[in-house]
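Close look at the chain arrangement
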Amino acid sequence: MELNPIKDAFDSVIKKQTLSSSKIEDTIEQITQEIQQTLSGIQSAINVPSSQPKLILGELKTKLKEIAPLNHLEATQKELNIAMSKYTKLLEKQFYPDISKSYRNVDFDTHIINQIIASHLYRESMFEIGDCFINEAHEEETIVDKKTQFLEMYEILESMKSHDLTPALKWATTNHDKLQKTGSDIELQLHRLQFLEILQNGSRDEALKYGRTHFAPFATQHFHEIQKLMACLLWVGKIDSSPYSDLVSPTHWAKLADELAQQFCNLLGESYESPLKVTVAAGVQGLPTLLKLMNVMTGKKQEWQSMKQLPVPVDLGTEFQFHSIFVCPVSREQAGEDNPPMMMSCGHVLCRQSITKLSKNNSTRPFKCPYCPAEVEVAQCKQLYF
Amino acid sequence: MESNTNGNSAVSNATISSATATSLPSVQGAVPSSKLTQLTESLKLEHQFLRVPFEHYKKTIRANHRAVEKEVSAVMSTLSDSGDLSQDDAVKHLNSLVSRLQGLKRKLEDGSRAEHLQAQRCKARLDHLESAGADNISEWNNTRLKRILVDYMLRMSYYTTATQLAESSHIQDLVDIEIFYEAKRVMDALRNKEVAPALAWCADNKSRLKKSKSKFEFQLRLQEFIELVRNEKNLQAVTYSRKHLSPWAASYMKEFQKVFATLAFTCNTGCETYKVLFDAKQWDFLMEQFKQEFCRLYGMTLEPLLNIYLQAGLSALKTPFCYEDDCPKEDPLSQESFRKLAMPLPYSKQHHSKLVCYITKELMDTENPPLVLPNGYVYSTKALEEMARNNNGTITCPRTRDVFSYSQVTKAFIS
């Protein structure tokens, strides 16, 4: 986005403002001086009995009227006002001036939103702020469970930052069965890191002992991995220059911490990314399209408020693609349970309704695939599940 | 020959991509242009972010200027009023004017300090927008979310949390806490059934409220009138209305008459039309009204930014599949709270198929085309190839547990 014109417009406001300020200062200074001059005039004439303060004051009055301080200020103020309104107009032109244009006036439950915010704050490790929020918003502490869970996760991650795996291993051992079920090998990965940590600190015996007790349960499934690790024992103290140097690269710590956070959330039944963050990010991407839509829908505000489906596609990045959406290339309709995607014998896929139409509702009559020369039959079409 | 044409097309591809890179000079080349347009579009949503501090700045400038005008013209007029004075009195008089001007000067110094701070804030916001680029986008987005949250908290009057969040993230310059504190004073007073601060606020912003044809002040006055009637100070109520309500009568005759009728009905009335006027809910209504006027004056959206973004996001994400039991956890709409919020919103629409592999959650496109098992279930090539590699060429459908050989899979063509 080209911000330079906006910056220039703002700079010109600042310039005009400085000008106006200094002019005001000058004017006040000028008036003060005139008054002071008159003052000293009167005072010096204090012993002259014939002096007439009224005359002197009258002179001052005419002088000040000549200066016409207020008219003076008006001009600069006007210029400043012009610069300011220029800037405001530019902002309105360059940005979407009202992003609430596509807002639907529906009841957005504050209580639900507050709960979502509170759990977002906790899962982003802003525990104190989360507590403060719950307190201030008078939300019941139904999400306290969530807080303790995430507190545990951040304690584990914090310890990992200082190369202490004890809490992580404790968690992995407690959740051994669950982790196995999801097919995660994070427990072994943690043991591996611990093993290498012991080895790097130089104690071969201790490492060997550690390996024996902790690798054994994984032997059947991760045989190669463990072999490699045991071979490291030969290189105690100089793993850096061994063929296994990549095993001790410090990036493993950060990677494993990420993986642990993912597995931790997974076991909690939570997503890895904060759902609030994901939704707002999707909103940021989608909103421009909706606002443009509103521009063409002017006058159909009522229609918009009751629409069941958006009239235009809102393109989000692939990171927001959580479901397979099949759109029939013939009818342009989204597939659903009552109109599932069907693959014809040539491999092209259409929706069932389109196939019924193409075959003229005759299941034995062959018809031509709209995308290739193949002749296909309804009976040979296969329903797909994405 | 063939290799030659390939080479040519590679070159022309390269020139095309370099051309797009140069046409967007502000950001580094390697980023896909769609990401860049997305970034630009998202920055365009930040009108309020620049507008609000500027309105604040403007307000301070105007207030300072008004002070100057007032003082200077006062000095001028007292000078013209001074008639026949003795020498001593003239000296005294002039001295008082000088000290008055000096007072004004001091006041202006404070004023210009405030102006300067607010100008800095406007500048900081411009710089923050400019700093958004491909290399810091995730951090920038995190800050944006925090800004949105602070905005929400301020509008909901959760001032302590808002301040804490802003301070802990060092984004005080990027949020409008000070401005909302101005609203807090009025809101607190209205909560205590006091209108004075709200009226003072109206007086402060008189010209702008008039421009937007606001009747907020009228509503405040009506409430004051009602309170007088409630306390059976009828005579006072009449004098009050003569002074404060009559100027509005021309534009809002009906309401004016209705409220005036309460003099006859008193606060114990059973008549519905007049009973509501004595209801404590009227104060909530005034608070709501004030919030709207306040937001409008500063160029803010009437709804919290969070609600706007959440609605847009939920509409864009909402599909019929979100409400099924096997909705993946990563979809925010797998959560009950998000589903409830999305209930009254429209479903998203797609013009083109977008298929996600059930196993790898990756997009199935020409790079990673979808393959069909004999049972009709579809998975990505990558997922099935890996499964076959690890299991000696057999594939187990993760959803039906059917076992097939990799040779049985067929390609599906999705257009």
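Residues numbered from 1 in each chain as written. Chains lettered and ligands numbered in written order. Predicted model: local features only at pLDDT ≥ 70, side-chain atom pairs only at ≥ 80, totals over all residues. Heavy atoms only, no water.

Observations regarding the overall build of chain A
- In terms of helices and strands, chain A carries 15 helices and 5 strands.
- Against the compact-globule benchmark of 21 Å for 386 residues, chain A has a radius of gyration of 38 Å, which places it well outside the compact range.
- Its C-alpha atoms give chain A principal-axis dimensions of about 120 × 80 × 50 Å.
- The burial tally for chain A puts 47% of its 386 residues in the buried class.
- In chain A, 59% of the contacts between residues at least 6 apart in sequence involve partners at least 24 apart.
- A total accessible area of about 20,300 Å² is found for chain A, and carbon and sulfur atoms account for 50% of it.
- A gap of 8 Å separates the mean positions of the 40 positive and 48 negative side-chain charges of chain A. (Helix = DSSP H or I, 4+ residues; strand = E, 2+ residues; numbered from the N terminus. Rg over C-alpha atoms; globule rule 2.2 N^0.38 Å. Buried < 20%, exposed > 50% of the residue type's maximum accessible area, 1.4 Å probe, protein only. Contact = heavy atoms within 4.5 Å. Areas by Shrake-Rupley, 256 points an atom, 1.4 Å probe, with all protein chains shown as cover. Lys, Arg positive; Asp, Glu negative; His and termini not counted. Charge placed at Lys NZ, Arg CZ, Asp CG, Glu CD.)

Some words on the UniProt feature "domain: RING-type" (unreviewed entry) in chain A
- Under the UniProt annotation, "domain: RING-type" (unreviewed entry) lies at residues 328-372 of chain A.
- A distance of 16 Å separates the end C-alpha atoms of residues 328-372 of chain A, which is 16% helix and 18% strand. (UniProt positions renumbered as here; feature names shortened; annotations may be inferred.)

What to know about the interface of chain B and chain A
- In this assembly, 127 residues from chain B lie in contact with 129 residues from chain A.
- For the pair chain B and chain A, the summed buried surface comes to about 11,700 Å²; carbon and sulfur atoms form 69% of the total.
- The interface formed by chain B and chain A holds 7 salt bridges in total.
- Between Lys354(B) and Asp315(A) there is a salt bridge whose closest N-O contact spans 3.2 Å.
- No other element matches the 20 residues that helix H4 (residues 87-131) of chain B contributes to the side of chain B that touches chain A.
- Split by residue class, the side of chain B that touches chain A holds 65 nonpolar, 35 polar and 27 charged. (Buried area = accessible area lost by both parts, 1.4 Å probe. Salt bridge = Lys/Arg side-chain N within 4 Å of Asp/Glu carboxyl O. Nonpolar A, V, L, I, M, F, W, Y, C, P; charged D, E, K, R; others polar.)

Here we look at helix H2 (residues 33-43) of chain B
- Among all positions of H2(B), only Leu36(B), Leu39(B), Glu41(B), Ser42(B) and Leu43(B) are buried.
- The secondary structure elements touched by the buried residues of H2(B) are helix H13 (275-296) of chain A together with H4 and helix H5 (137-155) of chain B.

Quick notes on the layout of surface pockets
All names here are of chain B.
- The computed volume of the second largest pocket comes to approximately 470 Å³.
- Lining the second largest pocket we find 26 residues, and of these Glu288, Lys291, Leu302, Glu303 and Pro304 sit closest to its centre.
- It is helix H14 (residues 281-298) that contributes the most residues to the lining of the second largest pocket, 6 residues altogether.
- Residue composition of the lining of the second largest pocket, grouped by class: 16 nonpolar, 4 polar and 6 charged.
- Counting residues domain by domain, the lining of the second largest pocket receives three or more from each of domain 2 (137-175) and domain 3 (191-298). (1 Å grid on protein atoms, 1.4 Å probe; cavity = no way out; pocket = protein on both sides within 12 Å on 5 of 7 lines; lining within 4 Å. Points joined across faces, edges and corners; volume = space filled by probe spheres on them. Domains from an automatic or database assignment.)

Overview of empty space enclosed by the protein
- Within the structure shown, the criterion is met by 3 cavities of 30 Å³ or more.
- Size it by volume and the largest cavity reaches roughly 190 Å³.
- Around the largest cavity, the lining is made up of 19 residues, and of these Gln48(B), Phe49(B), Arg147(B), Asp151(B) and Leu305(B) lie nearest the centre.
- Among the elements of the structure, helix H3 (47-81), H5 and helix H15 (305-317) of chain B are those that each provide at least two residues to the lining of the largest cavity.
- A breakdown of the residues in the lining of the largest cavity according to their chemical character gives 11 nonpolar, 2 polar and 6 charged.
- Each of domain 1 (3-135) and domain 2 (137-175) of chain B accounts for three or more of the residues forming the lining of the largest cavity.
- If you add up the space inside the second largest cavity, you get close to 140 Å³.
- For the second largest cavity, the lining is made up of 14 residues, of which Phe320(A), Gln321(A), Ala316(B), Thr319(B) and Gln350(B) are closest to its centre.
- Its residues placed into classes, the lining of the second largest cavity shows 7 nonpolar, 6 polar and 1 charged.

A short note on the UniProt feature "zinc finger region: RING-Gid-type" (unreviewed entry) in chain B
- The feature "zinc finger region: RING-Gid-type" (unreviewed entry), as given by UniProt, occupies residues 327-400 of chain B in the numbering adopted here.
- Segment residues 327-400 of chain B splits into 23% helix and 18% strand. End C-alpha atoms: 17 Å apart.

Some details on unusual backbone geometry
Residue and element names in this part refer to chain B.
- The backbone phi angle of asparagine 392 is positive, close to 55°, even though this residue is not glycine.
- Checked against the element boundaries, asparagine 392 lands in the loop between helix H17 (381-390) and strand S5 (394-396).
- Since its relative accessible area comes to 76%, asparagine 392 is described here as exposed.
- We note that arginine 401 has phi near 65°; this positive angle belongs to a residue other than glycine.
- Tracing the sequence through the fold places arginine 401 in the loop between S5 and strand S6 (403-405).
- Note on arginine 401: relative accessible area 60%, which makes it exposed.

Looking at the pattern of salt bridges
- Within this structure, the stated rule accounts for 35 salt bridges over all chains.
- One salt bridge connects Glu55(B) with Arg51(B), and the closest N-O pair in it is separated by 2.8 Å. Placement of the pair is Glu55(B) and Arg51(B) together in helix H3, with a separation of 4 residues, close to one helical turn.
- Look at Arg51(B) and you get buried, because its relative accessible area is 12%.
- One salt-bridge network, in which partners are shared between bridges, spans Glu92(A), Arg51(B), Glu55(B), Lys58(B) and Arg208(B).

Regarding the sheet that holds strand S1 (residues 341-343) of chain A
All names here are of chain A.
- Strand order in the open sheet made by the 3 strands is S2-S1-S5, with antiparallel pairing throughout. In this open sheet, the two edge strands, each paired with only one partner strand, are strand S2 (349-351) and strand S5 (382-383).
- Bridge analysis of S1 against S5 gives 2 bridges, and the strand direction is antiparallel. Bridge pairing in S5 places methionine 342 opposite glutamine 383. (Pairing = 2+ DSSP bridges.)

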